[in-house]
Amino acid sequence: MTHRLILDGCKANHPLSYLKAIGIMKTISLQVDPKVRGHFEEGNFILQINLNKAQLIDFFLYKFVPPPVISPFLRKRNNQLLDSLAYNQNERLSSFRLAYESLKLSPPKTRQLFPSENWLKEIEMDLNFLHPNSVESYKALALAAYGLAIVLKETVSSPMLINYQNCFDKLNISENYLGALLKLMSSSNNSISDNSFTDLEKSLFSKPEETHTICKLSDFGKAFLDPNLSKANNPWDYILALNGFLAICEDYPFYSNNILPLCLKATSYGWGNLDENPLRKVSQREMWFPLWNKPLDYNNLKIALKKLALVLPNSSIYTSLDLVTETALWGINPLFATFLRIGLVFEMPHAILPEAFILGYVSLQEREAARLVNPAKIWLSDWQIALNSSPKSQKQRQNINLAEEALFSYLTGKTNSLTNSLEHLGATEQATSLFSKDTRLIPLSLPVSWLPYCEKDTAEYRLALALASLDIQVPLREQLEPVCLVDNGWIWCDKAQVQGPNLVETLGMVLETRLQIAEKKHLPVLPLFSAYPARLKDVELFLEGKTDDNSVESILKGLILIDYPIPKKASKTISPTSEILDSYLLLRKAFLTPSYTPNDYYNLSQLIIRLRFSSLKDSLAYAKKLSQDQSFSIVKRQPSQTFNRRLLASVLFHAN
């Protein structure tokens, strides 16, 4: 009979619980139930096992045979703990005695620089002398030490790195493991200590109160030798979690380009400097633990973990956004639907190894547009690196973080639109104009294939899109940002051609500037057509002041980053749906029907002047004259007295 057990002691809320879950699966699979399956469900770890709760506890108390844990930094191979082990008659610890005896046969190491590949080669040679039951732990702890040392070395310059090998040695991982076991097990055959049952039940079925890491638990070795020392933590937590970590490292090659299994550099979701960091840490890193939501047996879990860990380092992943993009793009393993994100924080003056804290949960699924996101992600990452500590950088860093969070939300399925990402990218791009030329990156340019993922069923979006996609012969972006288009690429030029107090005022001047440029370039068609024209109803709402100008402006900042095609000139006749639009269609016709001789450009300029300073009635009369169309009746209703709003409605929004 299969039982479904919820292990509250292994909730996905910190790394100790995660490692415990894997350690439990490994132990049960190898020693009692090869078909055991486990998975995470809403943060809970679920076991499907042929034992009930009482039988599971009974197994660990009376039948569990702990594998020996041998560290490559074992300081003394004959000490009080090992002496206690030698005289212990408990049959379940016999594997330790074999492991420590074989360790004495390994040759002494030379004084290699640590970390270095030569040191790893010596570790690899040591494996030939060890007892088979201790090879796994010896290799795993060597990989952990080597990987963490490299992370520290790349992060900060510290004299502690010179003695890092000695610092890792002081953790006494194997001694603490043995000390925890000796406290739980009596020296007689297969018996247990008085507290073992209570500790085990709490470790498996009680939610952890604190977010300890495996490297921050009590010193069980010293506590075993000195009964007066307090027992602050559960020995079973240490035993099960350490076995979980060994399982993760078991199949790793020595030279896999991995810093540490699932440990990634973080240039995002952290703090730019010490002043921003409320924890006052020197630096930060991120570790990602994959939580699988489909029941797996232990062998399939090991295969999936190894595949993920070996693929990630070869994918140029340095940030959390990198990880999500790559996973969404390649679908590394669909079984890993959720990742627990852990920050590895190195506090050099006070800690030897990192302390972990929770940053949040991330749900992953394959995303169709993951490949499109990559250029924006790289651009944001480059900006993050280029920033200094000035006040301008602080504001810019906030823009970058907002843009990354928006992309992050899309890739992880929290939102189905890239519109929010596009808006934050636009704000980030515009804020770069505050920086000097020598610190600016090449402006971001996005393909038009972004649009299907940005569509938003609002008048504001359609109006902004109509503006952004105006004829690229006169790029709208050059008039709103200090950039220009050269040889199909954007460069900084520090010459924004128009400025205004708000969007409507600015775009009114944009129109005048576009006409001036068209005249200078002798363009055959005025650059007043859009690749994606708005709807007449949207124009009507705009004229009546029923649209949100701030929203139009925010969306427009993002949409001008897209590389649009040249729009086709509208050929069909447009019939207005209301008398409000009738007058503005006459103005539109006046702008678009001249033959564009120098005299025509003069007439168009005069029309703009009338729109700015005369009544709407006078402007429409002049428009009738220019268009030679007397069929329009000039309505008395004037929905807007604002020149720029009239002008935009009549010319820029080529409604269909």
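Everything quoted here is computed from the prediction, not taken from an experiment. (Residues numbered from 1 in each chain as written. Predicted model: local features only at pLDDT ≥ 70, side-chain atom pairs only at ≥ 80, totals over all residues. Heavy atoms only, no water.)

1. Section: the packing of helix 16 (residues 419-431) against helix 21 (residues 549-559)
With their axes 7 Å apart at the nearest point, helix 16 and helix 21 run at an angle of 75° to one another. Classed by the angle they form, the pair helix 16 and helix 21 counts as roughly perpendicular. On helix 21, the residues touching Leu422, Glu423, Gly426 and Gln430 of helix 16 are Ser554, Ile555, Lys557, Gly558 and Leu559. Residues of the contact of helix 16 with helix 21, tallied by class, amount to three nonpolar, four polar and two charged. (Axes fitted to C-alpha atoms, helices over the stretch in contact; angles between N-to-C directions. Helix = DSSP H or I, 4+ residues; strand = E, 2+ residues; numbered from the N terminus. Parallel < 35°, antiparallel > 145°, perpendicular 65-115°, else oblique. Contact = heavy atoms within 4.5 Å. Nonpolar A, V, L, I, M, F, W, Y, C, P; charged D, E, K, R; others polar.)

2. Here's the deal with the environment of lysine 139
Looking at where lysine 139 falls in the secondary structure, it is placed in helix 6 (residues 132-155). Sequence separation between lysine 139 and proline 253 is 114 residues, and the spatial gap between their C-alpha atoms is 9.6 Å.

3. Some points on helix 5 (residues 117-126)
Buried residues of helix 5: Trp119, Leu120, Glu122, Ile123 and Asp126, and no others. Seen end-on, helix 5 carries its buried residues on one side only, within an arc spanning 155°. (Buried < 20%, exposed > 50% of the residue type's maximum accessible area, 1.4 Å probe, protein only. Arc of directions from axis to C-beta.)

4. Regarding the pairing of strand 2 (residues 37-41)
Relative to strand 3 (residues 44-49), strand 2 runs antiparallel, the two being bridged by five bridges. Counterpart to glutamate 41 in the pairing with strand 3 is asparagine 44. Hairpin connection between strand 2 and strand 3: a loop of two residues separates the two successive antiparallel strands, and glutamate 42 in this loop has a positive phi of roughly 55°. Two elements, strand 2 and strand 6 (residues 296-297), share two bridges in a ladder whose sense is antiparallel. Within the sheet, the bridge partner assigned to arginine 37 lies in strand 6 and is aspartate 297. (Pairing = 2+ DSSP bridges.)

5. What about the environment of alanine 145?
Here alanine 145 is to be found in helix 6. Its relative accessible area of 0% is what places alanine 145 among the buried residues. Sequence separation between alanine 145 and proline 115 is 30 residues, and the spatial gap between their C-alpha atoms is 8.4 Å.

Remember that the coordinates give geometry; whether it matters functionally is a separate question.
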